[in-house]
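# Close look at the chain arrangement
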Amino acid sequence: MLLLKPKSTQLCLSRLIFWQNCLRNLSTTSSHCSGKVHDEEDDDKDQKFCDTKENQQDHLYLYKSKGQHLLTNTRILDAIVRRSNVRPTDTVLEIGPGTGNLTVKLLEAAKRVVAIEIDKRMVDILHKRVAEKGLQDRLHVICKDAMKAEFPQFDLVVANIPYGISSPLVAKLVYGRNPFRSATLLLQKEFARRLLAKPGDSEFNRLAVNVKLVADVEFVMDVSKREFLPCPKVDSSVVMIRPKAQVPDVNLDEWWAFTRTCFSKKNKTLGATFKQKKKVMELLKLAKTAMACKDYESDDDYDGDNEQEKTDEEDGFASAASDLEMTLFKEKIVGILRTGGFEDKRPSKLSNEELLHLLFLFNQAGIYFHDHVLAKGSDNVEFAAAYSS
Ligand SMILES: C[S@@+](CC[C@H](N)C(=O)[O-])C[C@H]1O[C@@H](n2cnc3c(N)ncnc32)[C@H](O)[C@@H]1O
């Protein structure tokens, strides 16, 4: 395990540099870094150890489960800030500031930094370190899980994020309510490659498709795992995500549910995916629900109290769908795929324009992917759902 002494932040920082140099030296003689960090399964045991007064004062443990790999190379930190194009009038949102290596540099460039950090120990170190530099008036720290925190207004995001929350965090940013200029994120290299992938690339998946709908992603630079303390198992890359000025006019719940279906087996043809009995049954049920919803909406006597009665009725109706009904509905689906030239295509090779066109063809024919009854009840989107596979 890695022990850092945060008695003074200066000492803490010099230790960080010392440790990194040690690790660098070690890594020249062996191909692996030797800095250790707590494994998730060790957390209980380690937490107890941490809880003793002496250890709380003397040591800072870095938890693998919280993605606590600190970026210590000043050249790289400077490059990240420079490439983020921070303006002196900007409010920057930083997720996971840790001990503040990036935060201090952001504070020097921006008007204000709002940092969201889950670990109270890190927050304490961060406050001390920023106060020592006299920059505390421009820093606001929210000690909370970034996935549960409400994001304030911000112009930019610049962050070395915990890799465990990469997917939901990117979704929360690009599908969130806050408009922003760009998000410069340090991500696990494989994850970054997926975000950057294009149709036909082996890494191209639903995540890339969903992000591309609303944002452009640009590669900034690779960062070796040796630049972190402690050294993680994987290399990293910095990418810049820029929300698009013009987003296609599509129902997002419908789009996410559609891409979930298409990419459920990303290397299968769409014909094979959509012909599965379970899928046909599910879509038939949704089509009936959508149809019934429209009928109810156009009915002057519509009464919300009938909602439960209606769904129960439809559930029974869909589950009792006859073989003939299923066959006809399957033919309808296949007909749409054929007409659009999609039956033999694989989703991982289609552009967003092609996918949007296919969704349009389905919807036009009364085939929907998202439950219209559920959609009525839910106030907002489930961000993480946009990325769950
Ligand atoms: C990869 S470290 C980056 C630290 C610092 N920015 C740096 O570059 O040295 C990730 C940081 O995110 C924090 N963190 C982990 N999970 C979090 C979450 N769900 N919400 C907010 N912060 C989180 C960790 O405690 C850690 O300080």
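Owing to the predicted nature of the structure, the values given are computational and were not obtained by experimental measurement. (Residues numbered from 1 in each chain as written. Predicted model: local features only at pLDDT ≥ 70, side-chain atom pairs only at ≥ 80, totals over all residues.)

### Remarks on the overall build of the protein chain
- Along its length, the protein chain carries 16 helices and 11 strands.
- Across the 389 residues of the protein chain, 37% fall into the buried class.
- Taking all contacts inside the protein chain whose residues are at least 6 apart in sequence as the whole, residues at least 24 apart take part in 73%. (Helix = DSSP H or I, 4+ residues; strand = E, 2+ residues; numbered from the N terminus. Buried ≥ 20, exposed ≤ 12 C-beta atoms within 10 Å, placed from the backbone. Contact = placed C-beta atoms within 7 Å.)

### Let's talk about the domain arrangement of the protein chain
- What the domain assignment reports for the protein chain is domain 1 (64-243) and domain 2 (252-388).
- Taken together, the contact between domain 1 and domain 2 spans 15 residues of the former and 18 residues of the latter.
- The set of elements that each furnish at least two residues to the side of domain 1 that touches domain 2 consists of α7 (166-174) and α9 (206-214).
- At 6 residues, the largest contribution of residues to the side of domain 1 that touches domain 2 is made by α9.
- Here the residues of the side of domain 1 that touches domain 2 are counted per class, giving 8 nonpolar, 4 polar and 3 charged. (Domains from an automatic or database assignment. Nonpolar A, V, L, I, M, F, W, Y, C, P; charged D, E, K, R; others polar.)

### Considerations on α9
- Counting buried residues in α9 gives 8 out of 9 residues, a clear majority hidden from the surface.
- Buried residues of α9: Arg206, Leu207, Ala208, Val209, Asn210, Val211, Lys212 and Leu213, and no others.
- For α9, the secondary structure elements touched by its buried residues are α7, α8 (189-196), β9 (215-223), α10 (252-262) and α15 (352-364).

### Let's talk about unusual backbone geometry
- Leu229 connects to Pro230 through a cis peptide bond whose omega is -10°.
- The phi dihedral of Asn85 is positive, around 55°, even though this residue is not glycine.
- Along the chain, the position of Asn85 falls in the loop between α4 (74-83) and β4 (91-95).

### Some thoughts on the UniProt feature "binding site: S-adenosyl-L-methionine" (unreviewed entry) in the protein chain
- Following the UniProt record, one finds the feature "binding site: S-adenosyl-L-methionine" (unreviewed entry) at His69, Leu71, Gly96, Glu117, Asp145 and Asn160.
- Its location among the elements puts His69 in the loop between β2 (60-61) and β3 (70-71).
- His69 has contacts with Phe228, Pro230 and Pro232, leaving out every residue within four places of it along the chain.
- Not counting residues within four places of it along the chain, the set of residues in contact with Asn160 comprises Leu71, Gly96, Leu102 and Leu186. (UniProt positions renumbered as here; feature names shortened; annotations may be inferred.)

### Thoughts on the UniProt feature "domain: Ribosomal RNA adenine methylase transferase N-terminal" (unreviewed entry) in the protein chain
- The UniProt record marks residues 76-245 with the feature "domain: Ribosomal RNA adenine methylase transferase N-terminal" (unreviewed entry), using the residue numbering of this structure.
- Segment residues 76-245 splits into 33% helix and 28% strand. End C-alpha atoms: 30 Å apart.

### Focus on the sheet that holds strand β6 (residues 139-143)
- Pairing is mixed across the open sheet formed by 7 strands, whose spatial order is β6-β5-β4-β7-β8-β11-β9. The sheet is open, and its two edges are formed by β6 and β9, each paired on a single side. Taking each pair of neighbouring strands and ignoring which way they run, the sheet shows an average axis angle of 20°.
- When β4 meets strand β5 (residues 112-117), the two strands line up parallel, connected through 5 bridges. Among the inter-strand pairings, Glu94 is bridged to a residue of β5, identified as Ala115.
- With respect to the sheet, α7 is in contact with β4, β7 (156-160), β8 (182-188), β9 and β11 (236-243), its orientation differing from that of β8 by roughly 175°. (Pairing = 2+ DSSP bridges. Axes fitted to C-alpha atoms, helices over the stretch in contact; angles between N-to-C directions.)

### Some thoughts on the nonpolar core
- Ranked by size, the top nonpolar core spans 82 residues in total, and within it Val92, Leu106, Val157, Val158, Leu185 and Val239 carry the most contacts.
- Both domains that furnish three or more residues to this core are identified here as domain 1 (64-243) and domain 2 (252-388). (Core = buried A, V, L, I, M, F, W, Y, C linked by C-beta atoms within 7 Å.)

### Section: the packing of helix α5 (residues 101-109) against helix α6 (residues 120-132)
- At a minimum axis distance of 10 Å, the contact between α5 and α6 shows a crossing angle of 40°. One finds that α5 runs oblique with respect to α6. Crossing of α5 over α6 shows right-handed handedness. Contacts between α5 and α6 involve Thr103, Val104 and Leu107 on the former and, on the latter, Leu126, Arg129 and Val130. (Parallel < 35°, antiparallel > 145°, perpendicular 65-115°, else oblique. Left-handed = near helix turned anticlockwise from the far one by under 90°.)

### Some details on the pairing of β7
- Judged by how many residues are buried, β7 sits mostly within the fold: 5 of 5 residues are covered.
- With burial as the criterion, each face of β7 is covered, one bearing Leu156, Val158 and Asn160 and the other bearing Val157 and Ala159.
- Sheet topology places β4 next to β7; 2 bridges connect them, and they run parallel. Note that in β7 the partner of Val92 across the bridge is Leu156.
- Bridge count for β7 against β8 is 5 bridges, and the pairing is parallel.

### Side note on α10
- Across the 11 residues of α10, 8 count as buried, placing the element largely inside the fold.
- Restricting attention to buried positions, one finds in α10 the residues Asp253, Trp255, Trp256, Ala257, Phe258, Thr259, Thr261 and Cys262.

### Concerning the confidence of the model for the protein chain
- Mean pLDDT over the protein chain works out to 82, with 74% of the residues at or above the 70 mark.
- Predicted confidence for residues 5-15 stays below pLDDT 50, and this span has 16 contacts to residues more than four positions away or in other chains.
- Contacts of residues 376-386 to residues separated by more than four positions or lying in other chains number 14 contacts, the stretch itself having pLDDT below 50.
- Our summary of model confidence lists the complex with pTM equal to 0.80 and ipTM equal to 0.99. (pLDDT = per-residue confidence, 0-100.)

### Focus on the pairing of β4
- Extensive coverage of β4 is indicated by the burial of 4 of its 5 residues.
- Between the parallel pair β4 and β5, the chain is carried across by α5, and the sense of this crossover is right-handed. (Right-handed = clockwise from strand over helix to strand, strands pointing away.)

### What about the packing of α9 against α10?
- Across the interface, α9 lies against α10 with an axial gap of 10 Å and an inter-helix angle of 155°. Regarding the angle of α9 to α10, the classification is roughly antiparallel. Pair α9 / α10 crosses with right-handed handedness. The segment α9 lies against α10, with Arg206, Val209, Asn210 and Leu213 engaging Trp255, Trp256, Thr259 and Arg260.
- Looking at the contact of α9 with α10, its residues break down into 4 nonpolar, 2 polar and 2 charged.

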